[in-house]
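Okay, here's what each chain looks like letter by letter:
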Amino acid sequence: MEKKVYSTAGKELRTITLDDKVFGLPVNDDVIYYAITNELANKRVGTACTKTRAEVHGSNAKPYKQKGTGNARRGDKKSPIMVGGGITFGPKPRDFSYSIPKKEKRLAMKTILSMQAQSDRLTVVEDFTIESGKTKDLVAILNNFAKDERTVIIMKDEDPMLKRAARNIKNVSFLSYNRLRAHDLYYARKVVLLETAANNLSSFYAEDKEAK
């Protein structure tokens, strides 16, 4: 697949060949669903907790005798049917995380990259950084490719100054080429792919590496 490479000013510079094994695959809705569901489940904290009748503070004595009062028989005030009593089958702290096969996750990433590239939401931009770390410098660049849209920037490596410049920009997130997130990538309206990161993606998701 041929893609144009743009300067930070939005001008066309040259073309780059993207690997069809990474950017030219048909969309596979199933693996995308599994990858996104897995990420969301792994992010769940799972700290919700309710008390059972054994954990509620209170007396264990019956409020009145079993027979002779005309009232329905009842246990102590900690019973789940009483206000302030324990909770039946309530949530307890748990771990929601689980793993999916590595090949399935890699296929999901390649499928999403292909989907974005084929829908022209993906733009390849020459490598850049924000040495000043100022938000206005990054905004000036992003305005050439995306305006007030949910945007993902795929970097060639960790760039703290670039991330610093984007801290006050809503709807902008950063991903390293070797640590993609299916949820962010799938729902992005614009994907800004740095030129070196594009080459790195082709080698990182190569089929020969997958087979090892």
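This report concerns the structure included in the present document.

Cut-offs used in this document
Residues numbered from 1 in each chain as written. Predicted model: local features only at pLDDT ≥ 70, side-chain atom pairs only at ≥ 80, totals over all residues. Heavy atoms only, no water. Core = buried A, V, L, I, M, F, W, Y, C linked by side-chain atoms within 4.5 Å. Buried < 20%, exposed > 50% of the residue type's maximum accessible area, 1.4 Å probe, protein only. Helix = DSSP H or I, 4+ residues; strand = E, 2+ residues; numbered from the N terminus. Contact = heavy atoms within 4.5 Å. Lys, Arg positive; Asp, Glu negative; His and termini not counted. Salt bridge = Lys/Arg side-chain N within 4 Å of Asp/Glu carboxyl O. Pairing = 2+ DSSP bridges. Axes fitted to C-alpha atoms, helices over the stretch in contact; angles between N-to-C directions. Parallel < 35°, antiparallel > 145°, perpendicular 65-115°, else oblique. Left-handed = near helix turned anticlockwise from the far one by under 90°. Nonpolar A, V, L, I, M, F, W, Y, C, P; charged D, E, K, R; others polar.

A word on the nonpolar core
Then, in step 1: Core analysis: the largest hydrophobic core is formed by 50 residues, its most contacted members being Phe23, Leu138, Ile154, Leu180, Leu185, Leu193 and Leu201.
Then, in step 2: A total of six residues in this core trace back to one element, the largest contributor, which is helix 3 (residues 102-118).
Then, in step 3: Each residue touching Leu138, except ones within four places of it in the same chain, is listed here: Phe128, Ile130, Leu162, Ala165, Ala166, Ile169 and Phe174.

Topic: the side chain of Arg74
Then, in step 1: In this fold, Arg74 is placed in the loop between helix 2 (29-43) and helix 3.
Then, in step 2: No salt bridge is formed by the buried Arg74; the nearest opposite charge belongs to Asp76, separated by 7.0 Å.

A word on the sheet that holds strand 4 (residues 151-155)
Then, in step 1: Overall, mixed pairing links the six strands, which are arranged 2-1-3-6-4-5 in an open sheet. The open sheet has two free edges, formed respectively by strand 2 (12-17) and strand 5 (172-176), since each of these has just one partner strand. The mean inter-strand angle of the sheet, taken between neighbouring strand axes irrespective of direction, is 30°.
Then, in step 2: Note that strand 1 (residues 2-6) and strand 3 (residues 122-125) share two bridges and pair parallel. The partner of Tyr6 across the bridge, within strand 3, is Val125.
Then, in step 3: Against the sheet, helix 7 (residues 195-204) contacts strand 1, strand 2, strand 3, strand 4 and strand 6 (190-194), and its axis sits at roughly 85° relative to strand 6.

Overview of the packing of helix 2 against helix 3
Then, in step 1: Relative orientation of the contacting elements helix 2 and helix 3 amounts to 110°, with a least axis distance of 8 Å. When the axes of helix 2 and helix 3 are compared, the pair comes out roughly perpendicular. Remark: the crossing between helix 2 and helix 3 carries left-handed chirality. Residues Val31, Ile32, Tyr34, Ala35 and Glu39 of helix 2 pack against Glu104, Leu107, Ala108, Met109, Thr111 and Ile112 of helix 3.
Then, in step 2: Considered class by class, the residues forming the contact of helix 2 with helix 3 number eight nonpolar, one polar and two charged.

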